[in-house]
Amino acid sequence: MTRRGSIRLFVILSAVFVVLIFLNYLGRLDFAKNFVSRLFSDEFVVSNDIGTNLYRETGFLMDKKYFLEAYDKCVAKSQEVDSLKIKSDLLVEENEGLKKLIGFRARTKIQLIPAKIIGRNFDGMDKSVMIDQGSLVGVAVGQSVIVGDGILVGKISKTEDETAFVRLISDNQNKVAATILNKDRSLGVVEGGYGISVRMNFIPRNETIMIGELVITSGLEPNVPKGLAIGTVAAIENEAYQPFQQAVLTPSADLSKLSTIAVLVLN
Amino acid sequence: MKNFIKTAVYLLITAAIFIAHYSLLNIFFFTSAEYHLILSAIVLTTAFIRKDVLLWLIIPLAFFMETFSSAPFGFICLALLLSTATIHWLLNIIFTNRSIPIIALTTAAGICIYRICFDFLIFANWFLRDQSSVFSFGTAFFDMGMELLITVFFTVVFYVIISMITRILFPRKALIFEAQSNSYGQKKYF
C-alpha cells in the first residue's frame with residue numbers, strides 16, 4: 001500500500017476509535033464489553049491462579065528487602081524450633097527418668113528426693129556433680145544417689161542448704177560395697193579412679209566370675225540399700241600372686257549424661 | 001464466504017494474542033518486567049506480512065484491552081493507534097529492509113510511544129480531575145525501561161525464530177521476502 005493509502009487507513013482507524021469512544025460514553029458498548037468479559041474471564045481466572053501460586057513460591061525473590069525479612073524470619077523460626085526441640089527432648093528424657101524413679105519408689109518404698117543436675121566437675125580426679133536439692137529438704141552426706149530404675153551413680157559428698165554435691169562412682173575417692181550376681185554372690189568393693197570405668201576389688205580368688213554378670217550394691221554399708229545396679233563385669237584380672245581378683249566394670253548409667261537423679265533417704 | 005472465514009480466523013488469532021498477553025500479565029504480575037506481547041505481535045506482523053489490512057485488527061485488540069483496563073475508555077485506543085502508526089511508518093516507509101537492529105529499534109520506538117502516550121493520558125486525567133495520586137515519574141520510567149528491554153529482546157528472538165522457520169519451511173517465500181527487504185541494497189542479517 002502507498003504512503004497515501006496508509007495515511008488514509010490510519011485516518012479511518014482513528015475515526016473508528018473516536019466512534020468507539022463516543023459509543024462507550026453513550027453506554028452502547030456495555031453489551032459487547034460484558035460479552036468479552038464473560039468470554040475471557042475463565043482463562044484469566046486460571047492465569048491469575050497460576051500467577052498467585054507462582055508468587056507464593058518465588059515472589060520473595062523479586063524483593064530484596066522482603067527476601068531478607070523472610071530469611072530472618074525463617075532463621076528465627078528455625079532457632080525457635082530447635083530450642084523447642086531441645087526443650088522437648090529434655091522433658092522427654094526427664095519424664096522417662098522420673099517414671100523410672102517412681103517405679104523404683106513404688107517397688108522399694110524408699111523415700112526419694114528428686115533433683116536436677118545443675119553443675120558438673122570432671123576435672124582431674126574429682127568426678128562430682130552439683131544438684132539443686134540440699135540439706136533443707138533432707139539431703140545428707142553419705143546418702144546414695146540413683147538414676148532411673150535404681151542405678152547407683154554416686155553418693156552425696158557435701159551439702160549446702162539448697163544444693164549438694166554428688167561424688168560419682170567413677171571418682172577415685174568413692175567406695176561402694178557390692179555383690180556380683182554370680183552363683184557365689186561374690187562380695188567386693190567398687191572403686192573409681194579408672195577413667196570412665198570402675199573396678200571391683202577384694203573379690204576372693206576362688207570365686208568364679210563371668211564377663212557380663214551384673215554387679216549390685218550389697219547393702220553392707222549404711223545409707224546404701226541392697227540391690228542398686230552398679231554395672232556389669234567387662235573384664236576380670238586374676239593374678240596368681242594377688243590375694244584377691246579384680247573385675248573391671250562398665251557402669252549401668254552413663255555418668256556423663258545425667259540429668260534427673262534421686263537421693264535415697266533411708267530411715 | 002472466504003472473506004468471512006478469513007475475518008473469523010484473524011479475530012481468533014487476535015483473541016489468542018490478547019489472551020496470551022493478559023495471561024502473561026496475570027502470571028508475572030509481581031515482577032516489574034512486563035512483556036508487551038501485543039506490540040511485539042504488531043511489530044512481527046508488520047515485519048513479515050506487508051498487508052495494511054491487518055492493521056484493522058488493532059480495533060478488536062484495543063477493545064479487548066479497554067475492556068480489561070481500569071483506565072478511562074479511549075486511552076489504550078489512542079496509545080495503541082499511535083504506536084501502531086509509528087511501527088508501520090518506521091517499518092514500511094523509513095526502514096524498508098528487515099534486520100535485527102531494525103526490528104529492535106522499531107519495537108523500542110513502539111513501546112516508547114505507547115507508554116509515553118498512555119502514561120501522559122493517565123497523568124493528565126489525574127491532574128485535570130485534581131485527584132490525589134501516587135504517580136511517580138521514576139517508577140514510570142523504570143517500568144517503561146524494563147518493559148522496553150524485555151519486549152525488544154523477545155521480539156528479536158521471535159523474529160529470528162520465525163525467520164529461520166520461514167527459511168526452512170517456505171524457502172521460496174523467504175527468498176522473495178529477502179529480495180523485497182533488501183531492495184535498497186542494505187545489509188541483511190536474516
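The shown structure was predicted, so the numbers you read here are calculated from the model rather than taken from an experiment.

Asks: Explain the pattern of salt bridges here, please?
Replies: For side chains of opposite charge, pairing can occur when their charged atoms come near one another. Summed over the entire model, instances satisfying the criterion amount to ten salt bridges over all chains. With its nearest N and O atoms 2.9 Å apart, the salt bridge here joins Glu237(A) to Arg199(A). Of this pair, Glu237(A) sits in strand S10 (residues 229-237) while Arg199(A) sits in strand S8 (residues 197-204); the two residues are 38 residues apart in sequence, bridging distant segments of the chain. By relative accessible area, which is 30% here, Glu237(A) ends up partly exposed. On the basis of relative accessibility, which here comes to 16%, the residue Arg199(A) falls in the buried class. Where salt bridges share partners, they join Glu34(B), Arg115(B) and Glu147(B) into one cluster.

Asks: For this particular structure, what's the right way to read the confidence of the model for chain B?
Replies: Low pLDDT marks stretches whose predicted atomic positions should not be read closely. Residues and elements named next belong to chain B. Overall, the predicted model of chain B reaches an average pLDDT of 83, with 85% of residues at or above 70. Below pLDDT 50 for its whole length, residues 183-190 participates in 18 contacts with residues either more than four positions away or in separate chains. Both scores are available for the predicted complex, with the pTM at 0.55 and the ipTM at 0.82.

Asks: How should I be thinking about the environment of Ala178(A) in this particular structure?
Replies: Residues and elements named next belong to chain A. Here Ala178 shows up in strand S6 (residues 175-180). For Ala178, a relative accessible area of 0% gives the class buried. Sequence separation of Ala178 and Leu228 is 50 residues, and the distance between their C-alpha atoms is 9.1 Å. In this structure, Ala178 is in contact with Ser186, Leu187, Gly188, Val190, Met200, Val215, Ile216, Thr217, Ser218 and Ile230, ignoring residues within four places of it in sequence.

Asks: For this particular structure, what's the right way to read the interface of chain A and chain B?
Replies: Note: interface size is frequently given as the accessible area lost on complex formation between the parts. Taken together, the contact between chain A and chain B spans 32 residues of the former and 30 residues of the latter. Roughly 2900 Å² is buried in total at the junction of chain A and chain B, and carbon and sulfur atoms are behind 84% of that figure. Summed over the three residues of chain A that lose the most area to chain B, namely Phe10(A), Phe17(A) and Phe44(A), the buried surface amounts to 23% of that side. At the junction of chain A and chain B, the tally comes to zero salt bridges. Inspection of the region where chain A meets chain B yields two residue pairs in polar contact (both at pLDDT 80 or more). Looking at the side of chain A that touches chain B, the elements with two or more residues in it are helix H1 (3-26) and helix H2 (30-58) of chain A.

Calculation criteria
- Residues numbered from 1 in each chain as written.
- Chains lettered and ligands numbered in written order.
- Predicted model: local features only at pLDDT ≥ 70, side-chain atom pairs only at ≥ 80, totals over all residues.
- Heavy atoms only, no water.
- Salt bridge = Lys/Arg side-chain N within 4 Å of Asp/Glu carboxyl O.
- Helix = DSSP H or I, 4+ residues; strand = E, 2+ residues; numbered from the N terminus.
- Buried < 20%, exposed > 50% of the residue type's maximum accessible area, 1.4 Å probe, protein only.
- pLDDT = per-residue confidence, 0-100.
- Contact = heavy atoms within 4.5 Å.
- Buried area = accessible area lost by both parts, 1.4 Å probe.
- Polar contact = N/O pair within 3.5 Å; in protein donor to acceptor, adjacent residues only side chain to side chain.

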